[in-house]
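Residue-level structural notes
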Amino acid sequence: MERVGIRAVIRGFIKPLPTVIFLMLLLAVVILLASAAQYNSEIADYFSHLFVINILGVLLLLVLIAANIYRLIKEVKQRQLGSRLTISFLMTFGVLALIPLAIVYAFSIQFLNQSIDSWYDVEIEKALGDALLVGRNSMEAAKTDLITTLSDDIAALTQVETESDLFSTLDEIRDSNDLTEISLFTSTGRIVASSHSDVTVIIPDSPDERMMSAARRGEIQSRVEPLNDNSLQLRIVIPAPSAGVDRPARLLQVLYDLPFRFSNVGESLEQASSQYNRLVYLRRPLKLSFITTLTLVTLLTGLAALWAAILSSRRLIAPLRDLAEGTRAVASGDYSKELPVTSSDELGVLVQSFNDMTGQIKRTQEQEQRTQNQLEEQRAYLETILRRLSSGVLSFDLNHQLRTSNETAQEILDIELESSTNSLEELKAKFNWLAPFFEYIQHNMRAGAYEWQREIEVVGSKGRQVLNVRGTRLPYENLARGGFVIVFDDMTNLIQAQRNAAWGEVARRLAHEIKNPLTPIQLSAERVRNKFMDKVEGKDRETLDRATRTIANQVESMKQMVNEFSEYAQPVMVQLQTLDLNQLIRDVVELYMAGAKAVDFQLNLQANIPYIKADASRLRQVLNNVIINAHDALSNTQGAVIVIKTCVKTIKNAEFIELSIIDNGKGIDEKMLDRIFEPYVTSKEKGTGLGLAIVKRIIDEHNGLIRVENNAHSGAGIIIDLPIETDQSIAARAYG
Amino acid sequence: MRILKNNHRKLLWFTATVLCLYVPLVSADFSLTRVEAFSDDGLLQVDADAQLSLPAETQKALDSGVDLRIQFLIELVKERNWIWDNAINNWEMLFTLHYHQLSGQYILATPVSDNIKTFNTAQQALDALSDQLSFNLGYEKSFEIYSRLYIRTRIKLDTKYLPAPLKLFSLVSSDWKLDSGWKEWVLEL
């Protein structure tokens, strides 16, 4: 926890660092701009740059704020968690920051205007104007005095004849009037003579062309000129007439440094006036500049505060939003969400606790998932075993609801166990032919027996079935875990096979034990007859004749019976070939139609039935046995009829030819009906009961089905289904 | 997203406007009518003529005691093909125009030489300034190592010299954008 706290503090310090640096830079630029806006600032040269930088700063902040507000609005529209709270915080921060700023700004503007206005005073302005006027008048008076004085000197100058006199006269005039320089020019501006108080100055300071031209027109030109040393100099240009008419007119220029008192006062006056006038001129720009700077600074500060408020709000709300999102994720079952811990304060601790909680839940969930996976694997393993199991398995819960069943169970019972019919009562009602099976299960489950086992006979679509049912109660701690498991096997084929095997053994032994003595008995009987027939007379001869004949007949009969037994005991070997069943039937029936006039044979054979692959001799034997049985059953029947029908039928996508041999005799006893194809089961007095047993074996070898049923009114019928294809898989598929 | 794009567009427009205001514009009040460079006894001399005048607002400021500083800029530039031209050397002549309230004279001062001249009007002072636009760049031979040289000159009001409150105006008002722009003279040495 402490480690997380330190990391959070470091992150909390580093993350807002760029923002803080940016805001500090803006603050520095604002301070520099405010400083540059001062009248005599040292950084005034950079005012323009700073102003532009500030404008860009404002612009950047505006963009940042606009982007953030747009994002916030979008988040509110999308109903993102924390967005409304962020706006509330932002508005609070904004109001708290901007309203005082606006008030300060308004007062500052007012104060600024008043302060700048207070610099200017009408009285001062008037006084300075008057002083300036006085100064100008004083200088004008000094100029007038000098011009008046110089008038006499100019007159003297016209009398000078020689050049040397001219220089000396100029010196005299300069000295007498305390002039700085006096020069004489021709009207074209050429220097005639000059005298300067500084002997090193050789070239006189010529007047400009404007003054010269005015002087040439006879005007006296004068002006006060400021000098480098802040003193004032009076420059006067006067037309100087020549002595003779033939001499050209000349121009006299005098330079006169105004006395120190003039210069000193004049300079002070000049500076004061200049500064005040400058201030007056700068009044509006100064106000505008200060107000602009103040506005810019206020704007920058306000926007920076607003931006900081947005960032602070987001930062403050972020953990809450994360927590809300995390809670939502947990509510939807996602425990993998880990929230970022950005601070070490109470919110940081809360977020860390949330992470710990979700981590713990996640680990528990993963453990549960692993357990679930293991259970699923075990379940899949069991299901695989159950699926491969040759026994049918059903499991019921304590409420007698079917929970699981394997495919074999459905195959044995020849039913489809749908998920909708999963109650034992429902199963019993839906599959009523399996009622003994389900009732036995229900009885034992209700009795709460721990284990039970019994053979149950059911008659369904597969005919009579013998099921060996075993039940076990499952151990349980609660309702969810308890229940019953039912395991059952179809014993029908096994029992039939056992019976067949037993009868085969009986037949083999019978043939072996009985057939061997029959021939000596028959031979002995014939020998007795041949030896003593001629020796006895009368009644004894008749008795001997009858007795030996009886012995021979009975032996012959027993031989026939033993042969049939042998035939039944021998495995049936079929040689399949393509044949037309209808034609075979016609051939067999033709023989009987010729011999048995009392019975009417009716053939109802479907035309163009497909050929089948079968053993013709075996099928002929089948037809013979069945027709003989039917014929025998019709011995005392008036209007005896044997109907033989063929047709093509489809059973579960496989095509069969159904052969029916139906008589209108007395029918078969219902008690024998289920066992009619077993050996020694016969209703005939002299029958061996092997005929139909052999028929069934032959049909089995052809992958066909045989069944017997009594007609509705009288008689019985043998129905044989022979597959059109001899592929065993098709037959197996069809009969399940 | 559209708001952001609009903001960006506005930002671009605003920046362009500020930059346009900030970049010194060529003014009709200041222009160089002639620039010429010639060799005088091996010395490379630049001589220029200018037409200078002050707008009313600038004249008013001058009369109110605001000094004006005028820069005459000279650059010796080497022409380059694929990138911008390179200024090999540059020179600057500074003139200050001041109105003397007491005498009513306009004083044209060259700070470097401490030479001042007085004039009755500002225009006279500016005309006199125009006559002084002559500058000695140095010995011609020292530039012979370069090829494809040209000289460019420019005369402008130095807004940095203005009082701070006027600097803001100088950014946005044409009265203070007194600038001739560059005028070139190809140098053949």
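Everything here concerns the structure above.
Below: a short report on this structure. Numbers given for residues are sequential positions, taken from 1 along each chain in its written order. To read the labels, note that chains go from A and ligands from 1, taken in the order they are written. Predicted model: local features are reported for residues with pLDDT of at least 70 only, side-chain atom pairs are reported and counted for 80 or more only, and whole-chain, interface and lining totals are derived from all residues.

With that out of the way, let us pick up the sheet that holds strand 5 (residues 250-257) of chain A. All names here are of chain A. Spatially, 5 strands are ordered 2-1-5-4-3 in an open sheet, and the strand pairing comes out antiparallel. The two strands at the open ends of the sheet, each matched to only one other strand, are strand 2 (191-196) and strand 3 (221-226). On average, each strand axis in the sheet is tilted by 15° relative to the strand beside it, whichever way the strands run. As judged from the 5 bridges shared by strand 1 (residues 181-186) and strand 2, these two strands associate in the antiparallel manner. Its bridge partner being in strand 2, Phe185 is matched across the sheet by Ile191. This element, helix 5 (residues 122-158), spans strand 3, strand 4 (232-240) and strand 5 of the sheet and lies at about 35° to strand 4. Here the rule is simple: two strands pair whenever DSSP picks up at least two bridges between them. Where helices and strands are cited, they refer to DSSP runs of H or I of at least four residues and of E of at least two residues respectively, numbered from the N terminus. To define axes, lines are fitted to C-alpha atoms, for helices over the stretch in contact only, and angles between the resulting N-to-C directions are given on a 0 to 180 degree scale. Two residues qualify as a contact pair if the distance between their C-beta atoms, derived from the backbone, is within 7 Å.

Turning our attention to the pairing of strand 17 (residues 716-723) of chain A. Residues and elements named next belong to chain A. Burial analysis of strand 17 places 7 of its 8 residues in the buried class, which makes it a mostly covered element. Note that strand 16 (residues 705-710) and strand 17 share 6 bridges and pair antiparallel. For Glu709, the partnering residue across the bridge sits in strand 17 and is Gly717. The loop that links strand 16 with its antiparallel partner strand 17 comprises 5 residues; one of these, Gly715, has a positive phi angle of about 85°. Residue burial is a threshold on neighbouring C-beta atoms within 10 Å of the residue's own C-beta, all placed from the backbone, with 20 or more meaning buried, 12 or fewer meaning exposed, and counts in between meaning partly exposed.

Residue and element names in this part refer to chain B. Counting buried positions over the 6 residues of strand 5 (residues 105-110) gives 5, a clear majority of the element. Alignment of strand 4 (residues 86-100) against strand 5, held across 5 bridges, turns out to be antiparallel. Residue pairing across strands places Tyr99 opposite Tyr106, the latter belonging to strand 5. Between strand 4 and the antiparallel strand that follows it, strand 5, lie 4 residues; Gly104 among them carries a positive phi value of about 70°.

A separate point is helix 16 (residues 581-595) of chain A. The span expected for a helix works out to 1.5 Å for each residue beyond the first. The end-to-end C-alpha separation of helix 16 of chain A is 22 Å, in line with the 21 Å expected for 15 residues at 1.5 Å each. What the bend at a residue measures is the angle between two axes, fitted to the seven residues ending there and to the seven starting there. Taking the largest bend as the criterion, helix 16 of chain A deviates by roughly 25°, centred on A:Val589.

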